[in-house]
Amino acid sequence: FGAGFLEVSEVSRRHSETKGVTLCDAAIWTEPDDLLAMTLSAGYQPQLLILVGAEAEIQTRLDAMADQTIPLAILDLPISPQRLTVTLQNYLELAAMRQRLLDSGKQTARFQYELNELVEIARAIASERDISKLLGLILEKSRYITAADAGSVYIVEGLDLPPEERTLRFTISQNDSLDIDFRQFTLKDDNRSIVGHAVLNRTVVNIPDLYRLDEPENNPWGFRHDKQFDQKIGYQGHSMLTVPMMNQNDDVIGVIQLINRKRDGVRRLKTLTDFQDQVIPFDHRSEELARTLASQAGISLENTLLYEDITRLFESFVNAAVSAIEVRDPTTSGHSQRVATLTCELAKTIDQLSDGQYAQVNFSRDDLKEIQYAGLLHDFGKVGVREQVLLKSKKLLDSTLEVIKHRFDFIRMATETEMLRRQMDLITREGATPSDERLLGLIAESDRRLAELDEILAFIVQANEPSVLAQGGFEQLHEIAARSYVNVQGERRPFLSTEEVLALSVERGSLTKGERVEIERHVVHTIAFLENIPWGRKFRNVPAIAGAHHEKLDGTGYPYGLPAESIRIESRMMSIADIFDALTASDRPYKSAVPLPKALDIIGYEVKAGKCDADLYRIFLEAKPWTSILPDS
């Protein structure tokens, strides 16, 4: 084109923000393959392709590019240098405009991508309640959006203390290029450390290169970098971005520290060359993204810490409730914890089954916690049972037995008094001597009657034990009750009242029918108590699980006599655990612990009678969950 090329070059310099235009003359575009390669190249680059040639030649080639969506212009020859300059200037301006549009679109797409990532990250960290997993997730996502090779998270401890008394706990560390076995440690919250400076000054610290901190212009903070530590672990920390995490009260509760932003986010840093060529400073956009994520992370972290505080508070409440039960009924100390442990262990076994009736039953972490709460609180209703009934270890209340003993003391004293009076009458009125057979007979009768009273009282004390009476025992009780004495008011009273005979006639255990009903009401009290607690969606079944642990599959259980289909699997498991611990517990003062084989046999009888779940009992036998509570099993 002659002198026109100089002017075109000048135009190109004025449009340096674009790659310009590509002039394609007849020597190239007349070959179809070369033309296709050129058009495709122009399509992938921010260029404008200009076909240069005679109109007739150009027209014959346009069909070859009919399906190519590329920026294309046509320049007819011949053309003057002046017109060429103006034409190319216009084309370059069009190319520059296209470039700006492309860049704007890319930036918009990038912002949209980053926004979507931040939304997804916010959703992920907001739903995590495990503090260790949350911190790991925060660090992982922070490194991901900033292309950081490594990083750490610090937690501020002692927020209720003055700033100078607070500490920073190094909690978690991640590194894509090096496996480091880190340990948690604490450091003082002061300006001498980078994280301390970020916390105290509530500011982001962006260090382009830790290895250039000895240059004053690169170190306005006065930090020092320990290169010996880098040499020891074989890893160099160059660029570093430290971002504080704030809670809703605008307090710093933690710090995210990111290390070594990489050009290639996938590549691992291994050699000295890698650190020199691949590590770049964290730019302004990375800082903005890290700030945004840190603000989200701070709120999520505070919520998780608050959730943990609430959980600890609730756990303390549950433990306090268990303690209240055990203070109320110390004879069953540890029973609630053991039942909870047995039931949870059985649930974990069922969760792993691959066949059988319960193969499709699964228990999540929340389900297991729900079972644990139900197990710990299943007997809380005992606080509503009269203590004298709850702690009754004999057939008679202790106070009742004392009354009977005092009564027999009175009867014995009255008998002695009567016999002595008769003896005195015989001596004073009839002059009986010590060898008189009548007097000796009265003395023998007195000894016999007193010994009989002692035998009757001994029989009552023996009958008071929580065991089945010997043959004839019930008849003997009624015979004793039929006997009477005269009290100090001159009223004739039976040796034993109807209520006392009823209590001593209990065939099994120590409770009368009325007292057993009162004890069984503890489940109703448990349900009423648990239903007043706002368990929330995750633990809403605690009252139902705990309230059915005494129900039987044949409908003979209590308190409601539920049919089998209405009894939850968790309650069925707890029923087996409750019976097992009641039999094998060694801390009951009124009975000895039943040996393990016999205890399992007794539960087996309940299964055969249709009262307990046969499949769950089989799993219970196979899993042997009792090994965690019976040290010698």
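These remarks concern the structure in this document. Quantities reported herein were computed from a predicted structural model and do not represent experimental measurements. (Residues numbered from 1 in each chain as written. Predicted model: local features only at pLDDT ≥ 70, side-chain atom pairs only at ≥ 80, totals over all residues. Heavy atoms only, no water.)

**Details of the overall build of the protein**
Thought 1: The number of helices and strands found in the protein is 23 helices and 12 strands.
Thought 2: A total of 633 residues make up the protein; the buried ones form 42% of that total.
Thought 3: Counted over contacts in the protein with a minimum sequence separation of 6, partners at least 24 positions apart contribute 65%. (Helix = DSSP H or I, 4+ residues; strand = E, 2+ residues; numbered from the N terminus. Buried < 20%, exposed > 50% of the residue type's maximum accessible area, 1.4 Å probe, protein only. Contact = heavy atoms within 4.5 Å.)

**Concerning unusual backbone geometry**
Thought 1: Cis peptide bonds are those with omega within 30 degrees of zero, and the linkage from Tyr558 to Pro559 qualifies with 15°.
Thought 2: Relative to the elements of secondary structure, Pro559 occurs in the loop between α20 (542-547) and α21 (569-584).
Thought 3: Even without being a glycine, Arg202 presents a positive backbone phi close to 50°.
Thought 4: As for its placement among the helices and strands, Arg202 is situated in the loop between α7 (194-200) and β7 (205-207).
Thought 5: The phi dihedral of Lys624 falls on the positive side, at around 50°, and the residue is not glycine.
Thought 6: Within the secondary structure, Lys624 is located in the segment after α23 (614-623).
Thought 7: Classification of Lys624 as partly exposed rests on a relative accessible area of 42%.

**Considering the packing of helix α11 (residues 335-351) against α23**
Thought 1: Following both chains from N to C, one finds α11 and α23 inclined at 100°, their axes separated by 10 Å at the closest point. By the criterion of interaxial angle, the relationship of α11 to α23 is roughly perpendicular. For the pair formed by α11 and α23, the contact residues are Leu346, Thr349 and Ile350 on the first element and Leu616, Ile619, Phe620 and Ala623 on the second.
Thought 2: Of the residues assigned to the contact of α11 with α23, the class counts are six nonpolar, one polar and no charged. (Axes fitted to C-alpha atoms, helices over the stretch in contact; angles between N-to-C directions. Parallel < 35°, antiparallel > 145°, perpendicular 65-115°, else oblique. Nonpolar A, V, L, I, M, F, W, Y, C, P; charged D, E, K, R; others polar.)

**As for the pairing of strand β9 (residues 252-262)**
Thought 1: Among the 11 residues of β9, 11 are classified as buried, and the element is accordingly described as predominantly covered.
Thought 2: Both strand β4 (residues 148-157) and β9 contribute to a ladder of seven bridges, which runs antiparallel. Of the residues in β9, the one forming a bridge with Gly151 is Leu258.
Thought 3: For strand β8 (residues 240-246) and β9, the ladder comprises seven bridges, and the chain directions are antiparallel. When the bridges of β9 are listed, Met246 appears paired with Val252. (Pairing = 2+ DSSP bridges.)

**Here we look at the nonpolar core**
Thought 1: The biggest cluster of nonpolar side chains holds 48 residues, and the ones touching the most others in it are Ile350, Phe363, Trp535, Met573, Phe580 and Trp626.
Thought 2: Those elements that provide at least two residues to this core are α10 (284-328), α11, α12 (365-377), α20, α21, α22 (596-608) and α23.
Thought 3: Broken down by element, this core gets its largest block of residues, eight residues, from α21.
Thought 4: With sequence-adjacent residues up to four places away left out, Phe580 is seen in contact with Leu342, Leu596, Leu600, Ile603, Phe620, Trp626, Ile629 and Leu630.
Thought 5: With 27 residues, the next largest nonpolar core counts Ile121, Leu134, Ile172 and Ala290 among its residues. (Core = buried A, V, L, I, M, F, W, Y, C linked by side-chain atoms within 4.5 Å.)

**Some remarks on the environment of Ile259**
Thought 1: Structurally, the position occupied by Ile259 is in strand β9.
Thought 2: Since its relative accessible area comes to 15%, Ile259 is described here as buried.
Thought 3: Once the C-alpha coordinates of Ile259 and Ser152 are considered, the two residues, 107 residues apart in sequence, prove to be 8.4 Å apart.
Thought 4: Those residues in contact with Ile259, other than ones at most four positions away along the chain, are Ala148, Asp149, Ala150, Gly151, Tyr235, Gly237, Ser239, Met240 and Phe282.

**Some thoughts on the pairing of β8**
Thought 1: Burial within β8 is extensive, with seven of its seven residues counted as buried.
Thought 2: On β8, burial covers both faces: Met240, Thr242, Pro244 and Met246 on one face and Leu241, Val243 and Met245 on the other are all buried.
Thought 3: As paired elements, β7 and β8 share three bridges and run antiparallel to each other. Bridge pairing in β8 places Asn206 opposite Leu241.
Thought 4: What sits between β8 and β9 in their antiparallel hairpin is a turn of five residues, with Asp250 showing a positive phi close to 65°.

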